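Results of the structural survey
These are the residues of each chain, in order.
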Amino acid sequence: MNNNKKLLILIFIFGISGFSGLIYQSIWASYLKLFLGHSAYAQTLVLAIFMGGMAVGAWFVGKQTSNLKRPILWYAIVEALVGVFGIVFHDVYISVTDFSFDYVIGNLSSTGLVPIYKWSLAATLILPQSILLGATFPLLAAGLVRITNNSQGRMVSWLYFSNSLGAVVGVLTSGFILIHTYGLPGTVVIAGFVNLWLAALVWVLNKRWDLDSMGYQLIRIVEPGSNTKEIEGRPQLIRLMIVCAAFTGMASFFYELGWIRMLSMVLGSSSHSFELMLSGFILGIALGGFWIKNRIESFTDPVKVLAYIQLTMGVLAALSLLVYDKTFIMMSILYHALDFSESGYLFFNFSSHVIVLLLMLPTTICAGMTLPLITFSLMKTRMGEKGIGLVYSANTLGSIAGILIVVHLIMPLLGLKTVILLGAFIDIVIGCFLLGRRLLTFKVPTFYIPAAAASLVVIIAGILFQLDPKKTSSSVYRNGSYSIDVDSVAHWDGKTSSIDVFTVGEGEEKRMVIATNGKPDASITMNEQGDTSPDEITMIMAGVLPLVMHDAPQHVANIGIGSGLTGHTLMGDPRVKSLDSIEIEQKMVLGAKQFGNKVERSFTDPRSKIFIEDAKTYFSSQDKKYDVVISEPSNPWVSGVASLFSSEFYTHVNHYLDEDGIFVQWLHLYETDYVTVASVMKALGEKFNYYNVYTSNTVDMLIVASQSFDAIQIDYDIFQEYEDPALLQRVGLANLNDVKFHYLASKRVLAPFFDSFDVKPNSDFYPVIDSRAVKARFMKSDARGFATLYNSAFDLEKIWPGNEPIFSDEDSIIMSDSKHFFPSKEAEIAKAVQEFLYNNSTLSGVPDDIYFAANLFKSDSVCHSHLSENFVVFNLGIISSAILPYWNKDSIESFSDDVVNLPCAEVSEDVLAFAQLLSALVNDQYEQTQRLSSQLLDNHISLDRDHTKTSVMLLSVNMYSLYMMGEYPSVTNIFDKFKEMSLNLESIAGAMSLPVLYHSAKQELVEKPGIANN
């Protein structure tokens, strides 16, 4: 095998090293964020530790390579050490962090010592491996450039290309495949074994081919015969190249961080979007290295070429702002062209990557040319091999500086556009310095024209481009609209996200909305005369639920400030002594204040304090127990948010809840699926003995959990002493019954159903929903079928007691004025039917099928004896489904008696049986209920090909009666027989009761194996 083929194999191996290296970067960052938190300071610290370690490794090894006779062998040793660290990392991390939380952090004498301790431990965990990773490039590069002493620039370019391309593959593979399949622990172990395999392979090849001895020559460009003038100029060139490496690294991270934030408003701020952006950025660098590899040796003046590349890079970066403005239209076209399916999601990610590349590639290709040119230029001086590590180290240190400056200064103070423009000016200034140096033998004025032209382009781009709130607030990746009709109130670019506040609608219905990276997080109708927004009932109920359960909710914590309405609600109860609101983004607080008097108590009440911190970090640094903790984060598909829906987080919360403390968790049912919800509910159910589920509106759930059953029972009437009753009444909460009306089911009802899904509980280390949730969002999935439990024909609470509404003596129907809550509207329909049948009121505003059925059973003349039996049964099922969840027992019995006396019942055994079934059901006569429902199912379910409300109602009632009689095998058997009826849970009222009963019966069989054996 000739030398060229041997070198290509080693170059390929270094690509695989880049593959594992990027896996380490992303995985270590994920681990440390779990320990340090997701705040801007924590994120930049993690990057600083990682990149700082690489800089140290590159610098140290770069100084030593000229004295190493066997750099390739040392490369193999370093790869092996990295692999060992990767394999043991998870176990070490768990041991030291558990020890820290259990024995150290809570016992530190000052809360100020907590971050110092955590940062020191974080550095200890990844700094050694980071130093080793930084050493790999200069070691292998030194070994290979010796073999190719006459084409060192080409070899360096090859290595940059190969390592960067491997990193691209590593980012995408780990994000889309490995973490989803093996979790964080499995992924980091795989990376570790990859490094061990690489080390063994390089060791074998080095020994077989004797690579370290092949053509060993120290690189000394400055020979004894060189002229004195050239030697005197070289120190200046060395300093200039090192400074150039540092500042081009800084500018590159200006671009990377700026583009990632900008594209988050186009692609969404999910983890997968971030991976697409990062891989796009690195791919450009790889392509730059690839393009220049065959040209670098031919440049007579590589520094001059570098200068023009820097100028070009600055110009292209500024012009990328104009390209960005068009990416919203691109995403809109893409959105409307795709199916919301598995294949559509795959193409969505591919096309999103194309959008990323269109924005980034022109600039990043130039960036990919710079380091090979700088390294090659230094290697032509007396620095020789040392230049490899020195350039790599300086570039990494410049990148760290860029991260810190952008995140903590430029982004929050000057805004997103300024980040890109300043990066462009940095590159142009570098180009000017390179062109203006006399050592390049240029005449100084020659650089004026290109420098002035480049600067002019940047200035023009800055003037032409403005961030348009109508686009940045559009959530184009969710709805396909690249521009929405809004009136911008304010915009801030924060350290962790960009915040928009805007209004939509007009007049009484004008709503103010606060959005994070383009995704609306909360909305409030500002005019008291207008209808409330769907979000308001959710935010208010999140505060009300613990207040009506806990008799002394003195100390409350609220995670995620949102609009501030939940805090405002809590502060209306005089029993609350303190409210600690934890918000990760400072600009979110500024945005919430724009809602004015709608949320003012969150900001003006002295009991309310706001802490800008990651929730886990905040709790771990406080020696405080809470009576109530409320968690209202953003959607779990948003990068970093999934950790607030994990089993580890719920364990963490338990440490800071009082003995009978209450935890409230918000979770959405829109843009998700049952598997994702089940993963969250499994995680929460593992850590809390009891939970009850409420739905505030059609698409939002509130889970109230505790270790105590009594703690989450609604038994404290706050409505007499609450400071602002109008706030609660506005969303339909005027008494305890109104709150109970939102009660869905308890853990005992839902846990067997959630456990039936083949999905792990969401975990920080096995982040199920981080990858699932974004896919469900794209595919327009939803889990709103849960709410059809409200339509159950029987009373769930007779099986599993909970917080059901209570009929007063005068009530004939359960009612509520709760806004945006479909059972409220259905209760109004049930009331209208009752008034029509018994008080001769006009029936209007009801669905056509209910209108027809109500008229059918109104009088003898309509429900006459000549009607088809199946037709009457079908309509009796429709009206029964409408009234059973809401009428009281006496009203149902009265209706049953009336039907029995109709001519259509007198001539039909099945119509008579249906009427008797209603009476048996509300009187808990389970054997009769089972017999009658079985008769009706046998006679009519085969005729109901569409499996409508009637069939679903009869099947659920049959299963219910069997369950109440303890006939659990029969419950599962009849469900299996008619399983297809439970498939359309969203569109058929009461359908969710079928799988809930089925899995509860299966659970009983597991808990009582004697029954199963029989």
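Residues numbered from 1 in each chain as written. Predicted model: local features only at pLDDT ≥ 70, side-chain atom pairs only at ≥ 80, totals over all residues. Heavy atoms only, no water.

Under an unreviewed UniProt entry, the protein chain has the name Spermidine synthase and belongs to Marinibactrum halimedae.

So, on to the pattern of salt bridges. Evaluation of the coordinates by the stated rule reveals 18 salt bridges. Among the salt bridges present, the one from Lys 519 reaches Asp 521, with a minimum N-O distance of 2.5 Å. In this structure Lys 519 comes out as buried when scored by relative accessible area, which is 4%. For Asp 521, a relative accessible area of 25% gives the class partly exposed. (Salt bridge = Lys/Arg side-chain N within 4 Å of Asp/Glu carboxyl O. Buried < 20%, exposed > 50% of the residue type's maximum accessible area, 1.4 Å probe, protein only.)

For the structure shown, the criterion picks out 1 disulfide. Disulfide pairing places Cys 863 opposite Cys 904 at an S-S distance of 1.7 Å. Taking the sign of the torsion about the S-S bond as the criterion, the disulfide between Cys 863 and Cys 904, at about 90 degrees, is right-handed. Of this pair, Cys 863 sits in the loop between α27 (848-856) and α28 (869-883) while Cys 904 sits in helix α30 (residues 903-906); the two residues are 41 residues apart in sequence, bridging distant segments of the chain. Take Cys 863 and Cys 904: they sit in the same class, and that class is buried. With no disulfide of its own, Cys 366 lies 13 Å from the sulfur of Cys 244, the closest cysteine sulfur. Cys 366 gets classed as buried once you look at its relative accessible area, which sits at 7%. (Disulfide = S-S within 2.5 Å. Helix = DSSP H or I, 4+ residues; strand = E, 2+ residues; numbered from the N terminus.)

A word on helix α9 (residues 342-379). At Met 360, α9 shows its maximal bend, which comes to roughly 55 degrees, and the proline Pro 362 appears one to four places after that position. Among the 38 residues that make up α9, 29 are buried, leaving the element largely enclosed by the rest of the structure. (Bend = angle between axes of the 7 residues up to and from the residue.)

Low pLDDT means the predicted coordinates in that region are not meant to be read closely. Within the protein chain, residue pLDDT values average 86, and 91% of them lie at 70 or more. Note on residues 438-442: pLDDT is under 50 here. Beyond four places in sequence and across chains, it has 11 contacts. Contacts for the low-pLDDT stretch residues 1009-1014, under 50 throughout, to residues beyond four places or in other chains number 4 contacts. (pLDDT = per-residue confidence, 0-100. Contact = heavy atoms within 4.5 Å.)

With that settled, consider the packing of helix α26 (residues 822-839) against helix α29 (residues 889-900). Interaxial distance between α26 and α29 falls to 12 Å at its minimum, and their mutual angle equals 50 degrees. What the angle tells us is that α26 and α29 run oblique. Where α26 crosses over α29, the handedness of that crossing is left-handed. Side by side, α26 and α29 meet where Gln 834, Leu 837 and Tyr 838 of the first sit next to Ser 891, Ser 894, Phe 895 and Asp 898 of the second. (Axes fitted to C-alpha atoms, helices over the stretch in contact; angles between N-to-C directions. Parallel < 35°, antiparallel > 145°, perpendicular 65-115°, else oblique. Left-handed = near helix turned anticlockwise from the far one by under 90°.)

This paragraph deals with unusual backbone geometry. A positive phi angle, close to 50 degrees, is found at Ser 475, a residue other than glycine. Under the relative-accessibility criterion, Ser 475 is labelled buried at 2%. In this structure, Lys 780 takes a positive phi of about 60 degrees despite not being glycine. Of note, Lys 780 is situated in the loop between α25 (768-778) and α26.

With 5 of 6 residues buried, strand β10 (residues 690-695) is to be regarded as a mostly interior element. Sheet analysis places β10 next to strand β11 (residues 700-706), joined by 6 bridges and oriented antiparallel. Within the sheet, the bridge partner assigned to Asn 692 lies in β11 and is Val 704. Between β10 and β11, which pair antiparallel one after the other, the connecting turn spans 4 residues. (Pairing = 2+ DSSP bridges.)

This brings us to the sheet that holds β11. Spatial ordering of the open sheet is given by β7-β6-β5-β8-β9-β11-β10-β12, a layout of 8 strands whose pairing is mixed. Each end of this open sheet is capped by a strand with a single partner; those strands are β7 (608-612) and β12 (743-746). Averaged over neighbouring strand pairs, the angle between their axes works out to 20 degrees when direction is ignored. Here helix α20 (residues 647-655) sits on the sheet and contacts β5 (555-559), β8 (626-631) and β9 (657-668); the angle it forms with β9, its principal contact strand, is near 145 degrees. With respect to the sheet, helix α24 (residues 747-755) is in contact with β10 and β12, its orientation differing from that of β12 by roughly 70 degrees.

The next point concerns a nonpolar patch on the surface. A cluster of nonpolar residues, Leu 319, Leu 322, Leu 456, Ile 460 and Leu 464, forms a patch on the protein surface that exposes about 420 Å² of accessible area. Of all the secondary-structure elements, those providing two or more residues to the nonpolar patch are α8 (302-337) and α12 (448-464). In this structure, Leu 456 sits in helix α12. (Patch = residues over 30% accessible without salt bridge, like charges linked within 9 Å, V, L, I, M, F, W, Y side chains within 5 Å. Areas by Shrake-Rupley, 256 points an atom, 1.4 Å probe, with all protein chains shown as cover.)

Judged by pairing direction, the sheet is antiparallel, and its 4 strands sit side by side in the order β1-β2-β3-β4 without closing on themselves. What marks the edges here is a single partner per strand, and that holds for β1 (487-493) and β4 (519-525). The sheet shows a mean angle of 15 degrees between the axes of neighbouring strands, taken without regard to direction. Relative to strand β3 (residues 511-516), strand β2 (residues 498-504) runs antiparallel, the two being bridged by 6 bridges. Note on β3: the bridge partner recorded for Val 501 is Ile 514. The strands that helix α15 (residues 534-547) touches are β3 and β4; relative to β4, the one it contacts most, it runs at about 90 degrees.

The next point concerns helix α3 (residues 71-104). Look at α3: only 42 Å from first C-alpha to last across 34 residues, short of the 50 Å you get at 1.5 Å a residue. The principal kink in α3, of about 50 degrees, is found at Phe 89. (Expected span 1.5 Å × (residues − 1).)

A regular strand carries its side chains on alternate faces of the sheet. Among the 6 residues of β3, 5 are classified as buried, and the element is accordingly described as predominantly covered. The loop that links β2 with its antiparallel partner β3 comprises 6 residues; one of these, Gly 505, has a positive phi angle of about 80 degrees. Across 6 bridges, β3 lies against β4 in antiparallel orientation. Bridge pairing links Thr 516 to Lys 519 in β4. In this antiparallel pair of consecutive strands, β3 and β4, the connection spans 2 residues, and Asn 517 shows a positive phi of 50 degrees.

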